[in-house]
Amino acid sequence: MSSKTSFKPQGIIPAVVTPLTPAGKFKEQAMRQLIKYLIDGGVHGLFITGTTGEFYGLTPEEKREIFQVTLDETNGRVPVYAGTNGITTRESVMLTQLAEECKIDAVSVLTPMFITPSQDQLYTHYQTIAANTSLPVLLYNNPPKTGVNLTAATVAKLADIPNIVSIKDSSGDLTLTAEYIRLTQGREDFNVLMGRDTLIYGALCYGAAGSIASCANVAPRLCADIYDKFMAGDLKGSLEAQFRLAPLRIAFTIGTFPAVIKESLALLGIDAGPCMEPVGPMTTEEREKLRQVLIGMGLLK
């Protein structure tokens, strides 16, 4: 295990979609185009093969290809984070080591899904993953999707592990996010990232270091504005950007996740392709509803 890493996750980090061909294969050119769009939009990192990146449908070989293409296109301009999520500790360790071998900057590990480990078992799960890599590790809490919640007490304990550097909280529970921050404050080497795009401004007010945001695929500049303006002391401008972004995150329910993000990108001229089946395309009516949201946000004319 490495000594405490100096790596600091911060800013707006898009949870990048995985562009696919109609046959469901990774679409390299669209990924390169998307990365250029995101970096030009002012984001502070890229997070690949997460929930928005449909990690659950990708083989280790496909993940390796996505890692390599992303690192090549990014070329050191921003850090690259990779989701190395598995139901078992063994699988997460294997994927984390794959990310390390590819020279990814940091990994994010979602709590197991389908099974419901105790807090002690979750502690051991993350402790084992961290012990088997020298990469910085981000915890990832998303109880609406997994049915498993990392308590604030467990996170405070995990924050003592040298290479566990952050947590992404997608619970949507700002009290929990604030507790993560309160119980780990004063630690230079651990911070908290918001995972619910409607709460970025609120989390920054509590002392979060930024956000891993799916909406940043579509509106990178707007998401980056929430953070950049907040850090510059322009709280009014930051809150305005947050309110402008909200309709997009709320529109996620128009289709099955992550269809709304891929369809939005298609409307903006980036063909990210279909989602993995059984997630199908949006209907004409749903697409029109989404178009109106993007027009309202000033992203489309």
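Just above, that's the structure.
All values reported here derive from a predicted model rather than from experimental measurement.

Caption draft 1: Focus on the environment of Thr 253. As for its placement among the helices and strands, Thr 253 is situated in the loop between helix 10 (235-250) and helix 11 (259-267). Looking at Thr 253, the relative accessible area reads 69%, which means it is exposed. From its side chain, Thr 253 meets the backbone oxygen of Ile 250 in a polar contact 3.2 Å long.

Caption draft 2: Highlighting the pairing of strand 8 (residues 210-213). Of the two faces of strand 8, the one carrying Gly 210 and Ile 212 and the one carrying Ser 211 and Ala 213 are both buried. Inspection of the sheet shows strand 1 (residues 11-14) paired to strand 8 by four bridges, in the parallel sense. When the bridges of strand 8 are listed, Ile 13 appears paired with Ile 212. Note that strand 7 (residues 191-194) and strand 8 share two bridges and pair parallel. What sits directly across from Leu 193, in strand 8, is Gly 210. Note that the unit made of strand 7, helix 8 (residues 200-206) and strand 8 has a crossover that is right-handed.

Caption draft 3: Layout of the side chain of Thr 51. Inspection of the secondary structure assignment puts Thr 51 in the loop between strand 2 (46-48) and helix 2 (60-74). Relative accessible area serves as the criterion here: at 11%, Thr 51 is assigned to the buried category.

Caption draft 4: How the structure looks around helix 7 (residues 174-184). Every buried residue of helix 7 is listed here: Leu 176, Thr 177, Ala 178, Tyr 180, Ile 181 and Thr 184. Those residues of helix 7 that are buried are in contact with strand 5 (137-141), helix 6 (152-158), strand 6 (164-169), strand 7 and helix 8. With a side-chain oxygen positioned 3.0 Å from the backbone nitrogen of Thr 175, the residue opening helix 7 is Asp 173. Just past helix 7, the residue Gly 186 takes up positive phi, approximately 85 degrees.

Caption draft 5: Structural context of the nonpolar core. Core analysis: the biggest nonpolar cluster contains 87 residues, and Ile 48, Leu 150, Ile 164 and Leu 245 have the highest contact counts within it. Grouped together as the second largest cluster of nonpolar side chains are 11 residues, Ala 15, Phe 47, Tyr 81 and Leu 138 included.

Caption draft 6: Expanded view of the side chain of Arg 32. Among the structural elements, Arg 32 can be located in helix 1 (residues 28-40). Overall, the relative accessible area of 16% leaves Arg 32 in the buried class. Apart from residues lying up to four places away in sequence, Arg 32 is in contact with Val 69, Asp 72 and Glu 73.

Caption draft 7: Geometry of the packing of aromatic side chains. This model, assessed by the stated rule, comprises four aromatic pairs. Look at Phe 7 and Tyr 81: their rings are 5.6 Å apart centre to centre, the planes differ by 65 degrees, and that puts the pair in the edge-to-face class. With a gap of 74 residues between them, Phe 7 in the segment before strand 1 and Tyr 81 in strand 3 (residues 80-83) connect regions that are remote in the sequence. For Phe 7, a relative accessible area of 19% puts it in the buried group. A residue is classified by how much of its surface remains accessible, and Tyr 81, at 1% relative accessible area, is buried. An angle of 80 degrees between the planes, with centres 5.9 Å apart, marks the rings of Tyr 201 and Phe 230 as edge-to-face. Of this pair, Tyr 201 sits in helix 8 while Phe 230 sits in helix 9 (residues 220-231), placing them 29 residues apart in sequence. You'll find Tyr 201 and Phe 230 in the same group, each marked buried. Directly above the ring of Phe 257 sits Lys 145, whose terminal nitrogen or CZ lies 5.1 Å from the centroid. If you follow Lys 157 out to its NZ or CZ, it ends over the ring of Tyr 123, 4.3 Å from the centre.

Caption draft 8: Spotlight on the environment of Pro 281. Residue placement: Pro 281 occurs in the loop between helix 11 and helix 12 (284-296). Taking the C-alpha atoms as reference points, Pro 281 and Gly 255, 26 residues apart in sequence, are found 7.9 Å from one another.

Conventions we followed
- Residue positions within a chain follow its written sequence, with the count starting from 1.
- Thresholds applied to this predicted model are a pLDDT of at least 70 for local features of residues and 80 or more for the giving and counting of side-chain atom pairs; totals over whole chains, interfaces and linings are not thresholded and use all residues.
- Side-chain numbers come from the whole structure's heavy atoms, not from hydrogens or water.
- Only DSSP runs of H or I with at least four residues qualify as helices, and only runs of E with at least two residues qualify as strands; both kinds are numbered from the N terminus onward.
- Only protein chains enter the accessibility calculation, which uses a 1.4 Å probe; a residue is then buried when its area is under 20% of its type maximum, exposed when over 50%, and partly exposed in between.
- Two N or O atoms form a polar contact when they lie within 3.5 Å of each other; inside protein one atom must be a possible hydrogen donor and the other a possible acceptor, and for residues adjacent in sequence the pair counts only when both atoms belong to side chains.
- By this definition, two strands are paired if DSSP reports at least two bridges between them.
- For crossovers, right-handed means that the path from the first strand over the helix to the second runs clockwise, given strands pointing away from the viewer.
- Only heavy atoms matter for contacts: two residues are in contact if any of them lie within 4.5 Å across the pair.
- In these notes, a set of buried Ala, Val, Leu, Ile, Met, Phe, Trp, Tyr and Cys residues joined through side-chain atoms within 4.5 Å is what counts as a nonpolar core.
- Here a pair means two rings of Phe, Tyr or Trp (six-membered ring of Trp) with centres within 6.5 Å. Their orientation is stacked below 30 degrees between planes, edge-to-face above 60, and tilted elsewhere.
- Remark: a charge is flagged as sitting over a ring if the NZ atom of Lys or the CZ atom of Arg is within 6 Å of the ring centre and within 35 degrees of the ring normal.

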